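# Overview (structure and organization)
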Amino acid sequence: MIFKLRKSRILIAVCAILTAGIVVACGPQGGGGPNQAGEPININGAGASFPAPLYQNWFKTYAQQVDPNVQVSYQSVGSGAGLEQYINGTVDFAGSDAPIAGDRLKSFQERYKADPIQVPMVGGAVVFAYNLPGVDELKLPRAVYCDIVMGKITRWNDPKLVAANEGKTLPDKPITFAHRSDGSGTTFIFTNHINTVCPGWPAGVGTSVNWPVGVGGQGNEGVAAQIQQNEGTIGYVEYAYAKLNNLPRALLENKAGNFVYPSPEAASKAFEGADVPEDFALLVPDPENPEAFPIAGLTWILVYPEYQDGRKWQALENVLLWALGNEGKSIAEQLDYVPMPDDIVARVKATLDKVKVKG
């Protein structure tokens, strides 16, 4: 499922899902071949839950096929916590669905006297999943989902919802909105869209915001559980978490006025025609493509501009390049991701080649 971009043609992948928590897997000394010394190399990462299941599969498969001596541990703690650990130097790499910016960028630059390095690995759709037995293919016009997240529409049989879903029986029950309680790149993607399309949205954009309404859950896993366990609940989760948990996903009205069902193909349409900036921090808060699902974003891995342990960095670089190569792309496609195109992979490789090793 490949989509093209103007200039830097990029592909986005929609994540596949598993339970998160601490994801521990083995990632051998990537595309360059096995660890020549044959000694264990431990690599620790933390961050976004959005891509954690894919990372788990990548690292495990890589260990089995290339080098079992390289141990890659990825802790799914959310983008916000991952970025903080990255800035504090307590991990070897971080995962984030939000590009590092603002105070965090300043803190990193002050501490390391250099810019952070962030490279795109996959991307995906953020969907409205819901628990409403007997109601399939719920349609949510923009004005309606804006009012739900702002607490202005509070019951499922609200006239605006009924009008948008002709022929469906919507119950006279309260709506519970589920959102993330932790610092989250998924929240960044979601609020970046909501802030763009919802007049009067009070909470702004960020990995953590002051929600006007709703109940919180830890990680994509926690929000999915809130929805699954509580009838009448609707919330935002990464596409594959909803798919794995068999949660119904709503059709959303996009900028062109079309109702689009979430899928990897529809998510990839969101990025067509977009120029990827030098730092890869591509944001598309409201896609122009009439076939695009309207809420989609990238996820990045962040590495340091310099490492003290040359063997560790070489192993990590090779793991990442293997993941972006043919074998990694095949896994991504099997898990409903859309792989990165070759030109973006080449740019990533050139960027990673800039990393220095002390000594």
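Residue numbering note: each chain is counted from 1, following its sequence as written. Note on the predicted model: pLDDT of at least 70 is required for a residue's local features to be given, and 80 or more for side-chain atom pairs to be given and counted; whole-chain, interface and lining totals, by contrast, use all residues. For side-chain calculations, the full set of non-hydrogen atoms in the structure is used, while hydrogens and water are omitted.

### Let's talk about the overall build of the protein chain
- Helix numbers and strand numbers start at the N terminus; a helix is a DSSP run of H or I with at least 4 residues, a strand a run of E with at least 2. Within the protein chain one finds 12 helices and 14 strands.
- Only protein chains enter the area calculation, which uses a 1.4 Å probe; residues under 20% of their type maximum are buried, those over 50% are exposed, and those in between are partly exposed. Looking at the protein chain as a whole, 58% of its 359 residues are labelled buried.
- Sequence-distant contacts in the protein chain: of pairs separated by 6 or more residues, those separated by 24 or more amount to 77%.
- For the accessible areas, the method is Shrake-Rupley and the probe is 1.4 Å, while residue cover comes only from the protein chains on display. Summing over all exposed atoms, the protein chain offers an accessible surface of approximately 14000 Å²; the carbon and sulfur share of this is 47%. We call two residues in contact whenever any of their non-hydrogen atoms come within 4.5 Å of each other.

### Describing the pairing of strand β2 (residues 41-47)
- Burial analysis of β2 places 5 of its 7 residues in the buried class, which makes it a mostly covered element.
- Strand direction decides the pairing type here: β2 and strand β3 (residues 70-76), joined by 7 bridges, are parallel. When the bridges of β3 are listed, G45 appears paired with Y74.
- A crossover counts as right-handed when, viewed with the strands pointing away from the observer, the path leading from the first strand over the helix to the second turns clockwise. In this fold, β2 hands off to helix α1 (residues 52-65), which returns the chain to β3; that crossover is right-handed.
- Two strands qualify as a pair provided that DSSP identifies no fewer than 2 bridges between them. Pairing of β2 with strand β4 (residues 93-96), which is carried by 3 bridges, proceeds in the parallel orientation.

### Some words on the packing of aromatic side chains
- When two rings of Phe, Tyr or Trp (its six-membered ring) have centres within 6.5 Å they constitute a pair, described as stacked for plane angles under 30 degrees, edge-to-face for angles over 60, and tilted for the intermediate range. Inspection of every chain in the model, using the stated rule, returns 22 aromatic pairs.
- Between Y307 and W313 the ring centres are 5.0 Å apart and the planes differ by 15°, which places this aromatic pair in the stacked class.
- Exposure remark for Y307: the relative accessible area of 7% places this residue in the buried category.
- Put simply, the rings of F128, Y145, F177, F190, W201, W211 and Y236 pair up and form one aromatic cluster.

### Some words on helix α10 (residues 310-324)
- Between its first and last C-alpha, α10 extends 21 Å over 15 residues, near the 21 Å set by a 1.5 Å rise per residue.
- Summarising burial for α10: 12 of the 15 residues are buried, a large majority.
- Residues K312, W313, A315, L316, E317, N318, V319, L320, L321, W322, A323 and L324 constitute the buried set of α10.
- Two or three places before R311, at the start of α10, stands the capping residue D309, its side-chain oxygen 3.1 Å from that residue's backbone nitrogen. Given a helix with a known number of residues, its expected span is that number minus one, times 1.5 Å. Under the rule applied, a polar contact is a pair of N or O atoms within 3.5 Å (in protein, one hydrogen donor and one hydrogen acceptor; residues adjacent in sequence only if both atoms are side-chain atoms).

### A few points about the confidence of the model for the protein chain
- Along the chain, pLDDT gives the predictor's confidence residue by residue, from 0 to 100. Looking at the protein chain, the pLDDT average stands at 88 and 89% of residues meet or exceed 70.
- Low confidence marks residues 1-33, where pLDDT is under 50. Its contacts with residues over four positions away, or in another chain, come to 167 contacts.

### Some remarks on the nonpolar core
- In these notes, a set of buried Ala, Val, Leu, Ile, Met, Phe, Trp, Tyr and Cys residues joined through side-chain atoms within 4.5 Å is what counts as a nonpolar core. Judged by nonpolar contacts, the single largest core of 110 residues is most densely connected at W58, F128, L140, F190 and V303.
- The element contributing the most residues to this core is strand β5 (residues 117-130), with 10 residues.
- Those residues in contact with W58 that lie beyond four places of it in its chain are M121, V122, W322, A323, G328, I331 and A332.

### Remarks on unusual backbone geometry
- The backbone of E137 sits at a positive phi, close to 50°, despite the residue not being glycine.
- Note on placement: E137 falls in the loop between β5 and β6 (139-140).
- Classification of E137 by relative accessible area gives exposed; the value is 54%.
- A positive phi angle, close to 65°, is found at F280, a residue other than glycine.
- The exposure class assigned to F280 is buried, which follows from its relative accessible area of 1%.

### Quick word on the state of the cysteines
- Any two cysteine sulfur atoms within 2.5 Å of one another count as a disulfide. This model, assessed by the stated rule, comprises 1 disulfide.
- Sulfur-sulfur distance for the disulfide between C146 and C198 comes to 1.9 Å. The S-S bond linking C146 to C198 shows a torsion near -80°; that makes this disulfide left-handed. One end of the pair, C146, is in helix α4 (residues 142-149); the other, C198, is in the loop between α6 (185-197) and β8 (215-217), with 52 residues separating them in the sequence.

### Thoughts on the sheet that holds β6
- Taking strand neighbours across the sheet as the criterion, the 3 strands line up as β6-β10-β11 in an open arrangement whose pairing is mixed. Taken across any chain shown, the strands that pair with only one partner, and hence form the sheet edges, are β6 and β11 (259-260).
- When β6 meets strand β10 (residues 251-253), the two strands line up parallel, connected through 2 bridges. Within β10, the position partnered with K139 by the bridge is L251.

### Overview of the packing of α10 against helix α12 (residues 342-352)
- Angles run from 0 to 180 degrees between N-to-C directions of axes, and those axes are lines fitted to C-alpha atoms, restricted for helices to the stretch in contact. As a packed pair, α10 and α12 sit with axes 11 Å apart at the nearest point and diverge in direction by 175°. The angle between the axes of α10 and α12 places the two elements in the roughly antiparallel class. Only V345, V348, K349 and L352 of α12 make contact with α10, whose side of the interface consists of W313, E317, L320, L321 and L324.
- Put simply, Ala, Val, Leu, Ile, Met, Phe, Trp, Tyr, Cys and Pro go in the nonpolar bin, Asp, Glu, Lys and Arg in the charged bin, and everything else, Gly too, in the polar bin. Considering only residue class, the contact of α10 with α12 consists of 7 nonpolar, no polar and 2 charged. Any angle from 65 to 115 degrees is called roughly perpendicular, while one under 35 is roughly parallel, one over 145 is roughly antiparallel, and all others are oblique.

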